[in-house]
Amino acid sequence: MQVLQVQLAVQADPAEVGRARRWVRSRLLNHGVDPDAPMAETVVLVVSELVTNAVVHTGCPAVLRLCLPVADGSEEGGPAAPLRVEVADASQAAPTPRHAGADQDATNGRGLELVELLCERWGWDPEGSGKRVWCEIGSDARPADPLADVDWAALAQ
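Everything quoted here is computed from the prediction, not taken from an experiment.

I tried to follow the overall build of the protein on my own but got confused; where do I start?
Tallying secondary structure elements over the protein gives four helices and five strands in all. The order of helices and strands in the protein, counted from the N terminus, is β-α-α-β-β-α-β-β-α. With 157 residues in all, the protein has 39% of them scored as buried. Long-range contacts, defined here as pairs at least 24 residues apart, represent 65% of the contacts in the protein between residues at least 6 apart.

Quick look at the structure:
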C-alpha cells in the first residue's frame, strides 16, 4: 500500500484551526473521500482537536500532516489501510488526556478523549526538540459525535 503525505504549516493563532479544517476537507475531497462520510467528519474533528491542542498549549507554530492510503490494486479485497493524522509541535510535554467528567457545559478537556474514542489508535513520539501526536482512522470510522448517546445523568451519580 502506498501512502500520499500532504502537510500544512499552522501558525500559532487559534484562527488557524479553521484553516486546518478547511484544508483537510479539501485534501479529503481531492483524494475521493465523500466530505459527508462519517470517516471524513471524524478526520476533520480529530484534526480540529489536535491542531487546537498544539496552538493553545505551545503558543508556537505546528505542522499538520495527513498520510492518505493510496490503493495500488494489488490488495483487492483486503482491509483498507487507515488514514493517519499527525501534528508536530515545539513542546516536549507529553499529551495527557483530561477527562471533563459529566459537566456538559465544560468548554475544554475533551479533545484527547475524543481522539481516543474516534480513532483506531493514537499516540505521540518525541520529534526533534518537540513532539508529534498521531492517530489512525479507518474507513469504517464511527460517526463524529460519540457523546450524543452518553447518559450524562448516570455519569454524574
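Help me understand the side chain of Ser48 in this model?
Tracing the backbone through its elements, the reader meets Ser48 in helix α2 (residues 38-58). Among the residues examined, Ser48 registers a relative accessible area of 11% and is labelled buried. Of the polar contacts made by the side chain of Ser48, one reaches the side chain of Arg21; its length is 2.9 Å. Setting aside anything within four residues of it in sequence, one finds Ser48 in contact with Val17 and Arg21.

Please explain the pattern of salt bridges as it appears in this structure.
Pairs can form between side chains of opposite charge whenever their charged atoms are close. Taken as a whole, this structure holds nine salt bridges when the rule is applied. Across the salt bridge formed by Glu86 and Arg84, the nearest N and O atoms sit 2.7 Å from each other. Among the residues examined, Glu86 registers a relative accessible area of 7% and is labelled buried. The salt bridge involving Glu127 is made with Arg132; its shortest N-O contact spans 3.0 Å.

Even after reading the chapter, I still don't get the packing of helix α1 (residues 16-30) against α2, so can you show me in this structure?
When two helices pack together, you describe them by how their axes are tilted relative to each other and by the distance separating the axes. Where α1 meets α2, the closest approach of the two axes is 9 Å, and the angle between their N-to-C directions is 150°. Classed by the angle they form, the pair α1 and α2 counts as roughly antiparallel. Judged by the twist between their axes, the crossing of α1 over α2 is right-handed. From α1, Val17, Ala20, Arg21, Val24, Arg25 and Leu28 reach across to α2, where they touch Ala40, Val43, Val44, Val47, Ser48, Val51 and Thr52. Tallied by class, the residues present in the contact of α1 with α2 amount to nine nonpolar, two polar and two charged.

Teacher, can you tell me more about the sheet that holds strand β2 (residues 62-70) here?
Each strand in a sheet pairs with its neighbour through backbone hydrogen bonds, running either in the same direction (parallel) or in the opposite one (antiparallel). Taken in spatial order, the five strands of this open sheet run β1-β2-β3-β5-β4, and their pairing is antiparallel. The open sheet has two free edges, formed respectively by β1 (2-10) and β4 (121-127), since each of these has just one partner strand. The mean inter-strand angle of the sheet, taken between neighbouring strand axes irrespective of direction, is 20°. Sheet topology note: the β2/strand β3 (residues 83-89) ladder contains five bridges and is antiparallel. Residue pairing across strands places Leu66 opposite Val85, the latter belonging to β3. In the packing of α1 onto the sheet, contacts are made with β1, β2 and β3, and the angle to β1 comes to roughly 155°. Against the sheet, α2 engages β1, β2, β3 and β5 (130-137), with an angle of about 10° to β3.

Looking at this structure, I do not really get the packing of α2 against helix α3 (residues 111-118). What am I missing?
Where α2 meets α3, the closest approach of the two axes is 9 Å, and the angle between their N-to-C directions is 145°. The two elements α2 and α3 meet at a crossing, and its hand is left-handed. Between α2 and α3, the residues in contact are Thr42, Leu45, Val46, Glu49, Leu50 and Asn53 and Gly111, Leu112, Leu114, Val115 and Leu118, respectively. By residue class, the composition of the contact of α2 with α3 is seven nonpolar, three polar and one charged.

Cut-offs applied
- Residues numbered from 1 in each chain as written.
- Predicted model: local features only at pLDDT ≥ 70, side-chain atom pairs only at ≥ 80, totals over all residues.
- Heavy atoms only, no water.
- Helix = DSSP H or I, 4+ residues; strand = E, 2+ residues; numbered from the N terminus.
- Buried < 20%, exposed > 50% of the residue type's maximum accessible area, 1.4 Å probe, protein only.
- Contact = heavy atoms within 4.5 Å.
- Polar contact = N/O pair within 3.5 Å; in protein donor to acceptor, adjacent residues only side chain to side chain.
- Salt bridge = Lys/Arg side-chain N within 4 Å of Asp/Glu carboxyl O.
- Axes fitted to C-alpha atoms, helices over the stretch in contact; angles between N-to-C directions.
- Parallel < 35°, antiparallel > 145°, perpendicular 65-115°, else oblique.
- Left-handed = near helix turned anticlockwise from the far one by under 90°.
- Nonpolar A, V, L, I, M, F, W, Y, C, P; charged D, E, K, R; others polar.
- Pairing = 2+ DSSP bridges.

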